[in-house]
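Structural overview
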Amino acid sequence: MQTLTVRHVTHYTYANPVVFQPHRLMLRPRDSHDLRLVGAELTLWPHGNVRWMHDVFGNSVAVVDFIEPSNELKIESLLTIERYGMGSPNFEVEEGAKIYPFVYSTDDRTDLGRMLECHYPDPNGELEAWAKSFIASRPTDTMALLADINAGIHTGFAYQVRHEQGTQPPLETLRLGSGSCRDFALLLIEAARSLGFGARFVTGYLYDPALDGENVGIVGAGATHAWADIYLPGAGWIEFDPTNGSIAADNLIRVAVTRDPSQAVPVSGGFTGLVGDYLGMTVDVSVRSPQPDIAAPEPLASDLVEAESQPSEPRLPPSEPAAA
């Protein structure tokens with residue numbers, strides 16, 4: 001078990017006081033067998049009224065109604081979590097699914113629904129052909145196939161930090177040969193779906209012990225991160241991180257799962273103001289293992305949050321990317 005502290009600060013500035021529309025925050029992870037939320041503290045400036053809800057995927061979402069106009073918006077989320085790693089995971093895939101191709105049960109196909117379907121155009125079958133190029137033979141080992149695609153993205157594509165809002169379509173990532181972690185996650189998801197697998201998008205954080213000492217660390221650490229879940233009968237949802245070529249890594253801190261990256265924006269909202277009022281946004285994320293002599297923060301009634309805002313009259317601000 002590893003105790004970690006996650007600090008996520010989003011700060012927007014404006015030339016004049018603006019009126020903030022309700023903001024939707026997706027920053028709080030759910031307790032599970034592999035992750036326990038010990039403490040959550042949310043600080044808002046200006047002050048706002050917070051209500052919590054679960055979205056259609058069961059993610060914890062905060063909706064904030066800000067009380068007063070301001071020329072800045074600052075949202076600071078501080079989490080203390082316990083991460084229970086699997087060590088060397090042994091995936092107990094059902095016998096009938098160990099070899100690809102296989103067919104999901106009727107119940108699984110019903111429940112997976114649109115997570116079995118490709119969401120982005122592939123008119124000439126370019127993405128599907130790329131995915132099929134990893135099939136060594138028919139039949140072939142299911143886990144080996146998925147691991148090869150995951151590794152193929154890690155070794156065959158150039159990682160680039162992108163601060164632009166949104167995610168590249170998979171074909172664009174394939175043709176460019178480069179992208180961010182969210183672009184790589186979506187490419188893997190669509191490739192897996194083209195082969196008949198159920199897959200979904202995961203957003204969260206990445207812990208790298210090297211950063212505890214301010215050293216250069218793993219790609220994607222020190223920022224929000226994104227990866228993919230692929231469903232295999234018997235083993236359930238398995239985490240694949242194509243950015244780092246890892247599978248079910250202990251350093252992945254899951255916050256939310258969605259069908260599509262557009263549904264996993266950490267903070268979204270808008271404001272009413274003049275054209276040109278929006279000056280900019282900064283985001284600061286750190287994931288650290290607390291020093292032994294530093295007590296973990298006390299849990300507060302307020303909850304985890306992260307912010308995204310965009311200029312508007314009413315306008316949507318340049319959202320903080322779901323993951324770098």
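Residues numbered from 1 in each chain as written. Predicted model: local features only at pLDDT ≥ 70, side-chain atom pairs only at ≥ 80, totals over all residues. Heavy atoms only, no water.

What follows concerns the sheet that holds strand β16 (residues 267–268). Pairing is antiparallel across the open sheet formed by four strands, whose spatial order is β4-β5-β2-β16. Of all the strands in the sheet, the pair left with one neighbour each is β4 (48–54) and β16. Sheet topology places strand β2 (residues 23–28) next to strand β5 (residues 60–66); four bridges connect them, and they run antiparallel. Each residue of the ladder has a partner; that of leucine 25, found in β5, is alanine 62. (Pairing = 2+ DSSP bridges. Helix = DSSP H or I, 4+ residues; strand = E, 2+ residues; numbered from the N terminus.)

Our next topic: the packing of aromatic side chains. Counted according to the given criterion, the structure contains 14 aromatic pairs. Ring centres of tyrosine 231 and tryptophan 237 lie 5.3 Å apart, and the angle between their planes is 65 degrees; on these two criteria the pair is classed as edge-to-face. A residue is classified by how much of its surface remains accessible, and tryptophan 237, at 27% relative accessible area, is partly exposed. These aromatic residues form a ring-pair network of at least three members: Tyr12, Tyr14, Phe20, Phe66, Phe271 and Tyr278. Looking at arginine 28, its charged tip hangs above the ring of tryptophan 52, at a distance of 5.8 Å from the centre. Positioned above the aromatic ring of tryptophan 237 is the side chain of arginine 200, whose terminal nitrogen or guanidinium carbon lies 4.0 Å from the ring centre. (Phe/Tyr/Trp six-rings, centres within 6.5 Å; stacked < 30°, edge-to-face > 60°. Buried < 20%, exposed > 50% of the residue type's maximum accessible area, 1.4 Å probe, protein only. Lys NZ or Arg CZ within 6 Å of the ring centre and 35° of its normal.)

Moving on to the layout of surface pockets. Put simply, the largest pocket is a space of about 490 Å³. Around the largest pocket, the lining comprises 24 residues; the ones closest to its centre are His33, Asp34, Trp237, Glu239 and Arg254. Mapped onto the lining of the largest pocket, the elements with two or more residues apiece are β13 (236–241) and β15 (252–258). The leading source of residues in the lining of the largest pocket is β15, at four residues. Of the residues contributing to the lining of the largest pocket, the split by class is 10 nonpolar, four polar and 10 charged. (1 Å grid on protein atoms, 1.4 Å probe; cavity = no way out; pocket = protein on both sides within 12 Å on 5 of 7 lines; lining within 4 Å. Points joined across faces, edges and corners; volume = space filled by probe spheres on them. Nonpolar A, V, L, I, M, F, W, Y, C, P; charged D, E, K, R; others polar.)

One pass over the structure, following the stated rule, counts 14 salt bridges. Among the ionic pairs, arginine 36 bridges to glutamate 82, the shortest N-O distance being 3.5 Å. Of the two residues, arginine 36 sits in strand β3 (residues 35–45) while glutamate 82 sits in strand β6 (residues 70–83), which places them 46 residues apart along the sequence. Each of Asp34, Arg83, Glu239 and Arg254 takes part in a single network of salt bridges with overlapping partners. (Salt bridge = Lys/Arg side-chain N within 4 Å of Asp/Glu carboxyl O.)

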